[in-house]
Amino acid sequence: MSRFGKAVLLCLTLFAAWRLCSTLFTAAPPGPGAGPAVGGDASCLPLAREVGVRAAAGTGSNFVFSPLSVRAALAMVASGARGDTRRELLRFLGSSSLHGLHHAPVNELVGRLNGLAQTSFACGVWVNRSLALTPEFTATGASRYGATAESVDFVSGAEQARQRVNAYVADATKQLIRDILPPGSVDSSTAVVLANALYFKGAWSHPFDVSTAPFHVPGGTTVGVPSMTTGRSQYIALYPGFRALKLPYKNDVLRQADAFYMLILLPDSGTLSLADLYDKAVSTPEFISKHTPVEEVPVGQFMVPKFKFTFGFEASSDMRNLGVTRAFSGGDFSGMVSGGDGHGRVSISRVYHKATIEVDEQGTVAAAATVVLMDGTSLEEREPPHLVDFVADRPFLFAVVEERTGAVLFLGHMVNPLAG
Ligand SMILES: *[C@@H]1O[C@H](CO)[C@@H](O)[C@H](O)[C@H]1NC(C)=O
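What you see is a predicted model; the values in this text were computed from it and never measured.

> Account for the sheet that holds strand 4 (residues 147–152), with residues named and values stated.
Strand order in the open sheet formed by six strands is 4-2-5-16-15-13, and the pairing between neighbours is mixed. The sheet is open, and its two edges are formed by strand 4 and strand 13 (307–314), each paired on a single side. Ignoring which end each strand starts from, the neighbouring axes of this sheet average 10° apart. As paired elements, strand 15 (residues 346–359) and strand 16 (residues 363–376) share 13 bridges and run antiparallel to each other.

> For helix 6 (residues 105–113), give the residues involved together with the corresponding values.
Most of helix 6 sits inside the fold, with seven of its nine residues counted as buried. Looking at helix 6, one finds that the buried residues are Pro-105, Val-106, Asn-107, Glu-108, Leu-109, Val-110 and Leu-113.

> Talk me through the site of the ligand; I want residue IDs and the actual numbers.
Neighbouring the ligand are the residues Asn-128, Arg-129, Ser-130, Val-155, Ser-188, Ser-189 and Thr-190. With respect to the ligand, the side chain of Asn-128 contributes an N or O atom lying 2.3 Å from an oxygen atom. Between the ligand and Ser-130, the relevant distance is 3.3 Å, taken from an oxygen atom to a side-chain nitrogen or oxygen of the residue. The protein chains hide 63% of the 370 Å² of surface that the ligand would expose on its own. By residue class, the composition of the shell around the ligand is one nonpolar, five polar and one charged.

> Can you tell me about the nonpolar core, naming the residues and giving the values?
Counting residues in hydrophobic clusters, the biggest one holds 112 residues, and the most contacted among them are Leu-194, Met-262, Met-336, Ile-357 and Phe-398. Mapped onto the domain boundaries, this core takes at least three residues apiece from domain 1 (61–202 + 308–376) and domain 2 (204–305 + 381–414). Among residues more than four places away in sequence, those in contact with Met-336 are Met-76, Val-77, Gly-80, Ala-132, Leu-133, Thr-134, Phe-137, Val-192, Leu-194 and Met-374.

> I'd like a description of unusual backbone geometry, backed by residues and values.
Backbone geometry places Gln-175, a non-glycine residue, at a positive phi of 70°. Take Gln-175: it is sitting in the loop between helix 8 (158–172) and strand 5 (190–203).

> So what about the confidence of the model for the chain? Which residues, and what values?
For the chain, the average pLDDT comes to 83, and 83% of its residues sit at 70 or higher. Low pLDDT, under 50, characterises residues 1–38; the predicted model gives this stretch 31 contacts beyond four residues in sequence or across chains. The model gives residues 378–389 a pLDDT under 50, and that stretch makes twelve contacts with residues more than four places away or in other chains.

> Now, about the packing of helix 3 (residues 67–79) against helix 7 (residues 135–145): what can you tell me, with residues and values included?
Two elements in contact, helix 3 and helix 7, have axes whose closest approach is 9 Å; the angle formed by their N-to-C orientations is 155°. When the axis of helix 3 is compared with that of helix 7, the two are roughly antiparallel. Relative to helix 7, the crossing made by helix 3 is right-handed. Taken together, the residues of helix 7 that come into contact with helix 3 (itself represented by Arg-71, Ala-72, Ala-75, Met-76 and Ser-79) are Phe-137, Thr-140 and Tyr-145.

What counts and what doesn't
Residues numbered from 1 in each chain as written. Predicted model: local features only at pLDDT ≥ 70, side-chain atom pairs only at ≥ 80, totals over all residues. Heavy atoms only, no water. Pairing = 2+ DSSP bridges. Helix = DSSP H or I, 4+ residues; strand = E, 2+ residues; numbered from the N terminus. Axes fitted to C-alpha atoms, helices over the stretch in contact; angles between N-to-C directions. Buried < 20%, exposed > 50% of the residue type's maximum accessible area, 1.4 Å probe, protein only. Near = heavy atom within 4 Å. Polar contact = N/O pair within 3.5 Å; in protein donor to acceptor, adjacent residues only side chain to side chain. Areas by Shrake-Rupley, 256 points an atom, 1.4 Å probe, with all protein chains shown as cover. Nonpolar A, V, L, I, M, F, W, Y, C, P; charged D, E, K, R; others polar. Core = buried A, V, L, I, M, F, W, Y, C linked by side-chain atoms within 4.5 Å. Domains from an automatic or database assignment. Contact = heavy atoms within 4.5 Å. pLDDT = per-residue confidence, 0-100. Parallel < 35°, antiparallel > 145°, perpendicular 65-115°, else oblique. Left-handed = near helix turned anticlockwise from the far one by under 90°.

See the structure below:
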C-alpha cells in the first residue's frame, strides 16, 4: 500500500476508534481531553526521561520502564483524588480530565490485554480494615482497570500483606517481577496499596540469525556480543541525528485488533547523546508514532544485540519534581476511601516500579509492576502543601509500542548488552 493509502487507513482507523468511544460513552459529557490521543500517549514519558537520563549518566546502566504500568496504577490513584490533588495527577498523566484519562485509546487496549494468551494486565487494591473504598472508586477500578479489591489488616498483618502484594505481582508476571515491595515498606501506617502488573510476550514476525558482533560501550571499550542479524528487508527510516528501526511482532489469531512492535532509535555516532534523544522522544506525545518507519528497505549490514536486564526504582521524588506534590502530603482522596479518623486523609508515601526485558532472535519477553503505597494521615498531622515550584553497536533507545493506540508498554535504553 502507498504511503498515502496508509495515511488514509490510519485516519479511518482513528476515526472508527473515535466513533466507538463516542457511542459507548455518550452518557458522560466529553471533556476537553476525551478524544483519542491521536497517534500517541504521553503518559509517564517525562518520568521515563527523568530516570532514564539519570541511569545513562550516572552508572551508565541499562534502563527499562513501563509507561503503561505506571499510568494504570496512577490512573487508579487519580480516580480517587479530588481538587488540586487530582489536577496535579492528571497533568502528570498527560490528561486534562478523568473522563479523558479513563477513555483514552490505551484503556481499550488494557481491556484486551487480559484476554490474550501472551499478555496479561492485572490491577489490585488492598485497603486497611478500618477504611472502606468508596463504591464509585471500586466501580471505576473494576470497569476501567479490571481491579480487584481486598480488605487487609496492616496493623497486625503488615508483613503478610507485603508478601501478598509481592505474590500477586509475581503471579501476574509469570514470576519475572518478584519482591517489588522491599522488607519493611508496609507497616501499621499503611492505609491503601494499589498495584499494577503487566506481562508481554511477542515473537518477531521473522526470527533472526545470531552472530557475535562488536558493541561500543561508553568509556571506549568494545565488547563482542551475540547479536541478531538478517539479510531480509527491514522497516528503517533515517532522521536528522538518528535512525529508527521497527521490528513488528507476529500477530496471533486472537490479537488481530492489536499490532505490537519494538522501535529502536539509534543516535548517529558522535552527534546525539541518549539524553538528547530522550528529550526528543518525550517532546510530543506523537513523537514515537511519527518516527516509526513505514517502509521496508533492503538492508546492508544489520546488527542488533541480544539483551536481558531488570531495572527498578522508587519514583516519588521524581514525581514531586514533575509537579505532583499534594498527593504526597495533605491531598484530597475523599473519592477513594471513607471511614477511619481521617475521612480521605491518605497520601502517597512510596511508588515502586520494576521492569524487566529479554530480547533475542525469537522475540521479546517483558514484564513490569508498579505499586503505590498510601499512608493514613490524620487531620491534625496535615501539613500545608509543599510549594515546590541500524548497526546498533552503541547505546540506543527502545520502546515496545502498540500501533493502533500508541500505547507505550515499555521504554528504555541499552548501553551495555553484557551487563545484567
Ligand atoms: C487500620 O485499621 C486498624 C483497625 O483494624 C486501625 O487500628 C488502624 O488505625 C488503621 N490504620 C490506618 C492507617 O488507617
